[in-house]
Amino acid sequence: MIDLYYWTTPNGHKITMFLEETGLPYRIVPVNIGKGEQFKPEFLAIAPNNRIPAIVDKEPADGGEPISLFESGAILLYLAEKTGRFLPTDLRGRAEVLQWLFWQMAGLGPMAGQAGHFRIYAPEPIPYGIERYTKEVNRLYGVMNKRLADREFLAGDYSIADMASYPWIVPYERHGQNLDDFPHLKRWFEAIKARPATARAYAKASEVNPDAGKPISEEEKKVLFGQTATVVR
Ligand SMILES: N[C@@H](CCC(=O)N[C@@H](CS)C(=O)NCC(=O)O)C(=O)O
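Note that the structure is a prediction, hence the values are computed from the model and not measured.

Draft legend 1. Structural context of the overall build of the protein. Each helix and strand in the protein was counted, giving 9 helices and 4 strands. Helices and strands in the protein line up, N terminus first, as β-α-β-α-β-β-α-α-α-α-α-α-α. For 233 residues, the compact-globule estimate of 2.2 N^0.38 gives 17 Å, and the protein sits close to it at 18 Å. Each of the three principal axes of the protein carries a C-alpha extent, and together these read 55 × 50 × 30 Å. Put simply, the protein has 233 residues, and 47% of those count as buried. Long-range contacts, defined here as pairs at least 24 residues apart, represent 68% of the contacts in the protein between residues at least 6 apart. Between the mean site of the 28 positive side-chain charges and the mean site of the 29 negative ones, the protein shows a separation of 3 Å.

The structure is reproduced here in structure tokens:
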């Protein structure tokens, strides 16, 4: 059994998408990040970066003590290795998936997150920030679109690289992008959206948090933005 420490955000959806694809038994432990539950000592003990997602695997493959992990990319890689799914085992196939997984973790996710922040959440419009991140996300969409021009998925068959990237394309309008400008990316997006496991993962989000996807309140903004080192003390 996997305990998934989760909230209804793109990085959370990555892991429910994987778990729904594989049918690995899991239990959701909601961590309401708008209410500050990510600062609780028991959560920080498994997720020292005070961010969701995190997991605890109560039945690790070595038969030992439970293993806890934070960082969505590390979790996807761990679960792929545990199940033998969505990550090729041959040298070249594995290297290809891992580079696109890391591309998402280091590029698409953080840049789209900043685009969303400056476009939607910043207390006053800061044109430089809006332009900088909207353009960078546009560039990254271009990279993906080109990659997908002659293949179905980012790297070989449907993989953890696609699962990491999809939830960050879902809010494309909030990030100032138009999918019609990226036909190959759009085709990929529609194909992943149509997967039953993707539908189940997003249905799970609405169950856990009926307000998922709605604008966040001023109170929630105070919790989420402007954090300093004091939150992890
Ligand atoms: N690199 C991390 C990022 C995780 C992350 O940013 N999680 C957000 C939700 S998508 C969060 O927990 N935010 C809580 C906070 O800002 O305090 C990962 O991929 O797991």
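Draft legend 2. Main features of the site of the ligand. Every one of the 13 residues lining the ligand counts as a neighbour, but Gln38, Ile52, Glu71, Ser72 and Gln227 are closest to it. Protein chains bury 82% of the 510 Å² of accessible surface belonging to the ligand in isolation. Looking at the shell around the ligand residue by residue, the classes come out as 5 nonpolar, 6 polar and 2 charged.

Draft legend 3. Expanded view of the pairing of strand 1 (residues 2–6). The buried fraction of strand 1 amounts to 5 of the 5 residues, a majority that puts the element mostly inside the structure. Residues Ile2, Leu4 and Tyr6 line one face of strand 1 and the alternating positions Asp3 and Tyr5 line the opposite face, and both faces are buried. Where strand 1 lies against strand 2 (residues 26–30), 5 bridges are found, and the strand directions are parallel. Following the sheet pairing, Ile2 is matched in strand 2 by Tyr26. Of the strand pairs in this sheet, strand 1 and strand 3 (residues 54–57) are connected by 4 bridges, and their pairing is antiparallel. Within strand 3, the residue paired with Tyr5 across the bridge is Ala54.

Draft legend 4. Main features of the pattern of salt bridges. Taken as a whole, this structure holds 16 salt bridges when the rule is applied. One salt bridge in this structure joins Lys204 and Glu20, with 3.9 Å as the shortest N-O distance. Of the two residues, Lys204 is situated in helix 8 (residues 196–208) and Glu20 in helix 1 (residues 10–22); the sequence distance between them amounts to 184 residues. Salt-bridge contacts for Arg147 lead to Glu96; the nearest nitrogen and oxygen are separated by 2.7 Å. Remark: Glu96 occurs in helix 4 (residues 91–121) and Arg147 occurs in helix 5 (residues 127–147); sequence separation between them is 51 residues.

Draft legend 5. Broad picture of the packing of helix 1 against helix 6 (residues 160–169). Packing of helix 1 against helix 6 leaves a shortest axis separation of 8 Å and a crossing angle of 135°. Comparing the axis directions of helix 1 and helix 6 gives the class oblique. Handedness of the helix 1/helix 6 crossing: right-handed. Contacts between helix 1 and helix 6 involve Pro10, Asn11, His13, Lys14, Met17, Phe18 and Glu21 on the former and, on the latter, Ile160, Met163, Ala164, Tyr166, Pro167 and Trp168. For the contact of helix 1 with helix 6, the class distribution of residues is 9 nonpolar, 2 polar and 2 charged.

Draft legend 6. The arrangement of the sheet that holds strand 4 (residues 67–70) in detail. A sheet is described by the order of its strands in space; here 4 strands give the open sequence 2-1-3-4, paired in mixed fashion. Both outer strands of the open sheet, strand 2 and strand 4, are each paired with one neighbouring strand and no more. Taking each pair of neighbouring strands and ignoring which way they run, the sheet shows an average axis angle of 20°. Examined bridge by bridge, strand 3 and strand 4 share 4 bridges and lie antiparallel to one another. Counted as the bridge partner of Val56 is Ser68 from strand 4. In this fold helix 1 packs onto strand 1, strand 2 and strand 3, with an angle of close to 150° to the strand it touches most, strand 1.

Draft legend 7. Layout of helix 6. Counting buried residues in helix 6 gives 10 out of 10 residues, a clear majority hidden from the surface. Of all the residues in helix 6, the buried ones are Ile160, Ala161, Asp162, Met163, Ala164, Ser165, Tyr166, Pro167, Trp168 and Ile169. If you follow the buried residues of helix 6, they end up packed against helix 1, helix 3 (72–83), helix 4, helix 5, helix 7 (183–193) and helix 8. Among the residues of helix 6, the N-terminal cap falls to Ser159, whose side-chain oxygen and the backbone nitrogen of Ala161 are separated by 3.1 Å.

Cut-offs used in this document
- Residues numbered from 1 in each chain as written.
- Predicted model: local features only at pLDDT ≥ 70, side-chain atom pairs only at ≥ 80, totals over all residues.
- Heavy atoms only, no water.
- Helix = DSSP H or I, 4+ residues; strand = E, 2+ residues; numbered from the N terminus.
- Rg over C-alpha atoms; globule rule 2.2 N^0.38 Å.
- Buried < 20%, exposed > 50% of the residue type's maximum accessible area, 1.4 Å probe, protein only.
- Contact = heavy atoms within 4.5 Å.
- Lys, Arg positive; Asp, Glu negative; His and termini not counted.
- Charge placed at Lys NZ, Arg CZ, Asp CG, Glu CD.
- Near = heavy atom within 4 Å.
- Areas by Shrake-Rupley, 256 points an atom, 1.4 Å probe, with all protein chains shown as cover.
- Nonpolar A, V, L, I, M, F, W, Y, C, P; charged D, E, K, R; others polar.
- Pairing = 2+ DSSP bridges.
- Salt bridge = Lys/Arg side-chain N within 4 Å of Asp/Glu carboxyl O.
- Axes fitted to C-alpha atoms, helices over the stretch in contact; angles between N-to-C directions.
- Parallel < 35°, antiparallel > 145°, perpendicular 65-115°, else oblique.
- Left-handed = near helix turned anticlockwise from the far one by under 90°.
- Polar contact = N/O pair within 3.5 Å; in protein donor to acceptor, adjacent residues only side chain to side chain.

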